[in-house]
Amino acid sequence: MTDMSDKSPEAYAARLRQIIKQREQAVTQARKLLHPLSAEKHEQVLEIITGSAWNGELDLSEHWIFLQIFEKSCDILRAVRHEMNLELMARYRVMIWVHQASSPLEGSTAERDILKLNADEARFHLRLLEGFISNRHMMNKRQIEDLCCQISIKIEEIEKIEKIFERSMENGANAWIEYFLSLIKNERDWHASKRLPKIPEGGHSEVLKQLITLDEKYRYKDAVTADGLTGPWKSSFGDAFSVALAGELDDEAKQLFLEKQVAPIAFLSPYGGYGQKTPKLIEEAYEAGLPCKNHLLAAARRATQINAGYTDAAAYKWAADILTPELNPGEAWSDAFLARLDALPAAERQPWPALVAYARTAIAGKPSAKWLKEGQKHLDAVGAETFRRVLSEALPLLSRPRTFPLREDSHYTGNPNLLIDEFNAQSLKGLLWLAPLAGADAALARAVAGVVDSALKKVAGVGPRAPKVANAAVYALSQMESDAALSALARLSSTVTFKGTLKEVQKGLNAVAERLNTSPEDLLELGVPTLGMGSVGERLEQWGDVEVRLTVDASGAKLTFSKGGKPLKSVPASVKKDFADDLKELKAAQKEAEKAVAALSQRLDSLMISGKTWRGDVWQERYLNHPLAGTVARRLIWRIDGVPALWHEGHLLPLSPCGGGALRSNGEGVVPDSEISLWHPLGEPVDDVLAWRDRLEELNIRQPFKQAWREVYLLTDAERRTETYSNRFAGHVLKQHQFNQLAALRGWRNRLRLMVDDSYPPATRDLPEYGLRAEYWIEGVGDSYGTDTTESGSYLRVRTDQLRFYPIDAPENSAHAGGGGYEMWLPNGAAPVNPLPLEQVPPLVLSEIMRDVDLFVGVASVGNDPTWQDGGPQGRFRDYWQGYSFGELSETAKTRAEYLARLIPRLKIKDRLTLDGRFLKVRGDRRTYKIHLGSSNILMEPNDQYLCIIPDSKGASGPDMNFDGDRVLSLILSKAFLLAADTEITDPVILGQLRR
């Protein structure tokens, strides 16, 4: 390009005309030409070309190219804070409107542009527009004349509001608000609120105050419904705030806006409607010491933590540099953390801001040696003991509700009150990395383990609320050299279902196992805590003249207090006063005992498929005589050198006296090299299985999971005919998210299916002990986004198909998310691997895998939902629901029937109950009812009329009959007790059905 540095604006304009005529890459070439110019010369060039365009010297194509160049020039001049000539900008807007009127594909911005002006400015634009078309022959002249009429109407509306403002700012604000509400009520358009009139100078404060009051009213759905305010009203309010914030505000309006709108906001976004003024307002308010300054600081800090594409992070950089308070207040745990720091002497308090600021640099997946070395310096400055104490007291509060609620402004990001503050979460991650450096401490290890549970709580629309925090806590536990940390890792290996964190738990266990020179499997058993118990299931403490007892049994972990041999109803005042720390530790042990027992029970249940064996001495140490594990082991049936036996009152008892004479008190008949395994009913004589059930009932032993009552699944003739797959659990419709959760709990791998053009593997469970992999084929149901999916696009329901078994190293099958058949894709045309014939699958594996699948169907089927009598969306599932709700019983339901046969004689309503095939019949005074033993759904005699009873979300009421976690049995019993006394029913919905 020719050097034009000394040329006049006219010369640049002539060169720009040439570029426009060439057309190709004109906008880019024009930018290169104009960008080096001073702002004044740049504007002069634009004025010359605008004059040419205004006089009709550019054809239609050139006119459009110039408008694009003008737009880019506005961006350049705006960046250097150059104020454009008002008449020039007016002519540019008018030319844009004319171009838009000539293009039916483009909507006009004229109305929106006019509303940003006052009445005088708007009238000037209208005169320009009328003059532009008056002496031209234009094909779209009629459309532009219509546009002039519309602008005239808007000018009248602007004048009307301006006159009201002139009489009274309050009345003017009322009129502006009414105009705003009329737009979003009547037009119900995403962009309606963008067509708001400009607020006259001096009126912004009053409008802002009224908007805040209005927003608080309409934040709640009942107010919205009552006033008929439908559509995207939240977005509309954001636009209105943007207009109100555009002018000068008085101090009262600023403070009200900051306290009511900004302080409780989850994250500040440039798209949230608060405009460019908000960052400066927050900074000024913080420096001025406004009462809500720390919550404003918290909002600004959160803005620096979120993706820069969604927040104006650079505008809040000042907030990230403020080190105190160390955490954002408003969360129970952060408030406790800050309160503990503020209670420290000044000298001890001083190094904490630097430590927490350093913790926020924990951005990698795990800490480096360099990071830990620097972190140790900060930890030494605050003191390891103080660090442990502060975290041990604050972390247990992580699961509690926020103390300063945030606004739920977006359903796309989940409820912010259920999430962890982004700034605090980043700080917490680093604090957890530092925790192992502070030394072994049981209280801290328990607190860190609790962080995993809290951070993995699921939030609608988000999933686990803070997986990175959970992973940091797992890392901390794996580096702590304490029994409490090992116990926590062992428990988490059985309870964590989130795949990313479970992988970290397994890594942590492997690291600890390597450090202790043992296997991960042995580590899980060694990790069961004793919790200070001197004998199986019991810990005794003498605190002054009070005896305290922690007992663990089938009903849970309990604390009891006695004095002089007499039980006390509550914790004595002397214990609270003189033994507060001891009591706190014992209560923590009580909670840990319940969690550890549940995790151990789940792990042993999962071993029922493995055929695992133990040496006699190892089994006695880790299970039978272990203070905590013994409370589980002594309620199970074991094979002792092939002889089934059950512990009772100090003895291992075989089923018959002649079956195990070597089994004596305290397991003395178990020698070090005895072979011990869990007893399984598969392959046992039916009479023996029934006898074990009788024995458990006779001794009043409640097993930790289904063992004697365990369902057994044998190969059917139909499955022998299909040979390589089972259709026993095909054709069911399951709630996908419930199925996914159950699958994870039972050790299956599964991916939530989205309504997208993608393929997914089936739900699978690896069985490395047998070299096998089980596959349960499923596919998404439906094709209506929003009806058949969540807002995030995942299917609400899946349909089930075949169950198959493959060698564990065989490639996985895959199918489209919405179905179409599973296939095994292999490279280079290789032949797919065939599934194993079912007869070659070990019977124990077949039975246990089918038991898993029966659980999935029995719990997650839509047939269990009493509200689906109409068949769900568009009635599509009516036939399935009817067939499942009252059809043939699964193995689980058959076992349920057998258990009920034993239970009914012990119930106070036994005279009103009878088992009748697939149903439990209940004789009420109004009607006779039939409760299906599979679904718990109800029919009423004599005409099998359906009765809908929706269970309480808190759980079924009625007798405490927790049959190995069988919720359906609990529902059946609660409904039976309700219906047996049907004359006492007061629920109007149920009564209305009974009277039909």
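Residues numbered from 1 in each chain as written. Predicted model: local features only at pLDDT ≥ 70, side-chain atom pairs only at ≥ 80, totals over all residues. Heavy atoms only, no water.

## A look at the overall build of the chain
Defined as follows: The helix and strand labels rest on DSSP assignments: H or I over at least four residues marks a helix, E over at least two residues marks a strand, and numbering proceeds from the N terminus. Buried means the residue's accessible area, taken with a 1.4 Å probe over protein chains only, is under 20% of the maximum for its type, while exposed means over 50%, and partly exposed covers the values in between. What makes two residues a contact is simply this: any of their non-hydrogen atoms within 4.5 Å. Per-residue and other accessible areas follow the Shrake-Rupley method at a 1.4 Å probe size, with only the shown protein chains counted as cover for residues. The positive count covers Lys and Arg only, the negative count covers Asp and Glu only, and His and the chain ends enter neither. To locate a charge, the coordinates of NZ of Lys, CZ of Arg, CG of Asp or CD of Glu are taken.
Scanning the chain from terminus to terminus reveals 39 helices and 23 strands. Counting across all 996 residues of the chain, residues that qualify as buried make up 51%. Partitioning the intrachain contacts of the chain with sequence separation of at least 6 by distance along the chain shows that 68% fall at a separation of at least 24. When the accessible area of the chain is evaluated, it comes to approximately 46900 Å², of which 50% is carbon and sulfur surface. Computing the positive centroid from 124 side-chain charges and the negative centroid from 134, the chain places the two 1 Å apart.

## Remarks on the side chain of His 295
Tracing the sequence through the fold places His 295 in helix H15 (residues 293-305). Dropping the residues within four chain positions of it, His 295 is found in contact with Ala 263, Pro 329, Gly 330 and Phe 404.

## Remarks on the packing of aromatic side chains
Short version of the rule: Aromatic contacts are taken between Phe, Tyr and Trp rings whose centres are within 6.5 Å, Trp giving its six-membered ring; a plane angle under 30 degrees counts as stacked, one over 60 as edge-to-face, and the others as tilted. Criterion for a charge above a ring: Arg CZ or Lys NZ at most 6 Å from the ring centre, at most 35 degrees from the ring normal.
Under the defined criterion, the tally for this structure stands at 27 aromatic pairs. Between Tyr 358 and Trp 371, the aromatic rings sit 4.8 Å apart at their centres with planes inclined by 25 degrees, giving stacked as the arrangement. Here the residue Tyr 358 occupies a position in helix H19 (residues 352-359), and Trp 371 occupies one in helix H20 (residues 369-382), the gap between them amounting to 13 residues. With respect to class, Tyr 358 is no different from Trp 371; both count as buried. Members of the aromatic cluster, each reached through a chain of ring pairs, are Trp 333, Phe 337, Trp 352 and Phe 387. Over the face of the ring belonging to Trp 709 we find Arg 693, whose NZ or CZ atom lies 4.2 Å from the ring centre.

## Let's talk about the confidence of the model for the chain
In plain terms, the rule: pLDDT: the predictor's confidence for each residue, scored from 0 to 100.
The predicted model of the chain averages 87 in pLDDT, with 90% of residues at 70 or higher. Predicted confidence for residues 953-962 stays below pLDDT 50, and this span has twelve contacts to residues more than four positions away or in other chains.

## Here's the deal with a positive patch on the surface
The line we're drawing: A patch consists of residues exposed above 30% relative accessible area that lack any salt bridge, with like charges linked at up to 9 Å and nonpolar side chains (Val, Leu, Ile, Met, Phe, Trp, Tyr) linked at up to 5 Å. Every case where a carboxyl oxygen of Asp or Glu lies within 4 Å of a side-chain nitrogen of Lys or Arg is listed as a salt bridge.
A cluster of basic side chains, namely Arg 400, Lys 576, Lys 587 and Lys 591, defines a positive patch on the protein surface. Looking at where Lys 591 falls in the secondary structure, it is placed in helix H29 (residues 580-606). By relative accessible area, Lys 591 is classed as exposed at 57%.

## Digging into the side chain of Asp 852
Assignment of secondary structure puts Asp 852 in helix H35 (residues 843-860). In contact with Asp 852, other than residues within four places in its own chain, are Arg 746, Trp 748 and Arg 765.

## Details of the sheet that holds strand S10 (residues 651-654)
Rule in force here: Pairing between strands requires that DSSP locate at least two bridges from one strand to the other. Note on definitions: angles span 0 to 180 degrees between N-to-C directions of axes, and those axes are lines fitted to C-alpha atoms, for helices only across the stretch in contact.
Pairing in this open sheet of five strands is antiparallel, and the strands run S7-S11-S8-S9-S10 from one edge to the other. Edge strands, defined here as strands with exactly one partner in the open sheet, are strand S7 (613-615) and S10. Each neighbouring strand pair of the sheet contributes to a mean axis angle of 40 degrees, computed without reference to strand direction. Judged from the four bridges that link them, strand S8 (residues 637-640) and strand S9 (residues 643-648) form a sheet pairing that is antiparallel.

## Some remarks on the packing of helix H5 (residues 86-102) against helix H7 (residues 119-134)
Threshold: Any angle between 65 and 115 degrees counts as roughly perpendicular, while under 35 counts as roughly parallel, over 145 as roughly antiparallel, and the rest as oblique. Helix crossings get a hand from a simple test, with the near helix turned counterclockwise from the far one by less than a right angle marking a left-handed crossing and a clockwise turn marking a right-handed one. All amino acids are sorted into three groups, where Ala, Val, Leu, Ile, Met, Phe, Trp, Tyr, Cys and Pro are nonpolar, Asp, Glu, Lys and Arg are charged, and the leftover types, Gly among them, are polar.
Closest axis-to-axis distance for the H5/H7 pair is 10 Å, and the angle between their directions is 55 degrees. Taken as axis vectors, H5 and H7 run oblique relative to one another. Classified by chirality, the crossing of H7 by H5 is right-handed. Residues Glu 87, Ala 90, Arg 91, Arg 93, Val 94, Met 95, Trp 97 and Val 98 of H5 form the contact with H7, whose participating residues are Phe 124, His 125, Leu 128, Leu 129 and Phe 132. Residues belonging to the contact of H5 with H7 are distributed by class as follows: nine nonpolar, one polar and three charged.

## Notes on the pattern of salt bridges
Pairs can form between side chains of opposite charge once their charged atoms are near each other. One pass over the structure, following the stated rule, counts 58 salt bridges. Across the salt bridge formed by Lys 377 and Glu 374, the nearest N and O atoms sit 3.5 Å from each other. Here Glu 374 and Lys 377 lie together in helix H20, a separation of three residues that amounts to about one turn. Salt-bridge contacts for Lys 706 lead to Glu 711; the nearest nitrogen and oxygen are separated by 2.6 Å. Classification of Lys 706 by relative accessible area gives buried; the value is 6%. Counted as one network, the salt bridges with shared partners bring together Asp 605, Arg 710, Arg 746, Arg 765, Glu 848 and Asp 852.

## Description of the packing of helix H1 (residues 9-22) against helix H3 (residues 39-54)
Contact pair H1 / H3: the axes reach a minimum separation of 9 Å and the direction vectors enclose 55 degrees. Judged by the angle between their axes, H1 and H3 are oblique. Like other packed secondary-structure pairs, H1 and H3 cross with a definite hand, here right-handed. Across from Pro 9, Glu 10, Tyr 12, Ala 13, Leu 16, Arg 17 and Ile 20 in H1, the residues of H3 making contact are Lys 41, Gln 44, Val 45, Ile 48, Ile 49 and Ser 52. Classifying every residue of the contact of H1 with H3 gives eight nonpolar, two polar and three charged.

## Examining the nonpolar core
Threshold: Nonpolar cores were defined as sets of buried Ala, Val, Leu, Ile, Met, Phe, Trp, Tyr and Cys residues, with membership established by side-chain atoms within 4.5 Å.
Of all hydrophobic cores here, the largest spans 65 residues; its most connected members are Phe 337, Trp 352, Phe 387 and Leu 477. For Phe 337, the residues in contact, after removing those within four places along its chain, are Leu 327, Trp 352, Val 356, Val 390, Leu 391, Ala 394 and Leu 431.

## Examining the sheet that holds strand S20 (residues 919-923)
Spatially, five strands are ordered S19-S20-S21-S22-S23 in an open sheet, and the strand pairing comes out antiparallel. Since the sheet does not close on itself, it has two edges, and those belong to strand S19 (913-916) and strand S23 (945-947), each with one partner. Strand-to-strand twist across the sheet, computed as the mean angle between neighbouring axes with direction ignored, equals 30 degrees. One ladder, built from three bridges, connects strand S22 (residues 938-940) with S23; its direction is antiparallel. Bridged to Leu 939 within S23 is Tyr 946. In the packing of helix H36 (residues 878-886) onto the sheet, contacts are made with S20, strand S21 (928-932), S22 and S23, and the angle to S21 comes to roughly 100 degrees.

## So, the pairing of strand S11 (residues 675-678)
Note: S7 against S11, three bridges, orientation antiparallel. Across the sheet, residue Trp 614 finds its bridge partner in S11, namely Ile 676.

## Brief notes about the UniProt feature "coiled-coil region" (unreviewed entry) in the chain
We apply this condition: UniProt positions are given in the numbering used here, feature names are shortened, and annotations may be inferred rather than shown by experiment.
UniProt's feature table lists "coiled-coil region" (unreviewed entry) at residues 576-603, given in the numbering used throughout. A distance of 37 Å separates the end C-alpha atoms of residues 576-603, which is 96% helix and 0% strand.

## Structural notes on the pairing of S9
The antiparallel hairpin formed by S8 and S9 contains two residues in its connecting segment, where Asp 641 sits at a positive phi of about 50 degrees. Relative to S10, S9 runs antiparallel, the two being bridged by four bridges. The partner of Ala 645 across the bridge, within S10, is Pro 654.

## Considering H19
Judged by how many residues are buried, H19 sits mostly within the fold: six of eight residues are covered. Structurally, H19 contributes buried residues whose contacts are with helix H17 (332-342), helix H18 (346-349), H20, helix H21 (384-394) and helix H22 (422-434).

## Side note on the environment of Arg 967
Inspection of the secondary structure puts Arg 967 in helix H38 (residues 967-980). The exposure class of Arg 967 is partly exposed, given its relative accessible area of 48%. A sequence separation of 108 residues divides Arg 967 from Val 859, and the C-alpha atoms of the two residues are 8.6 Å apart.

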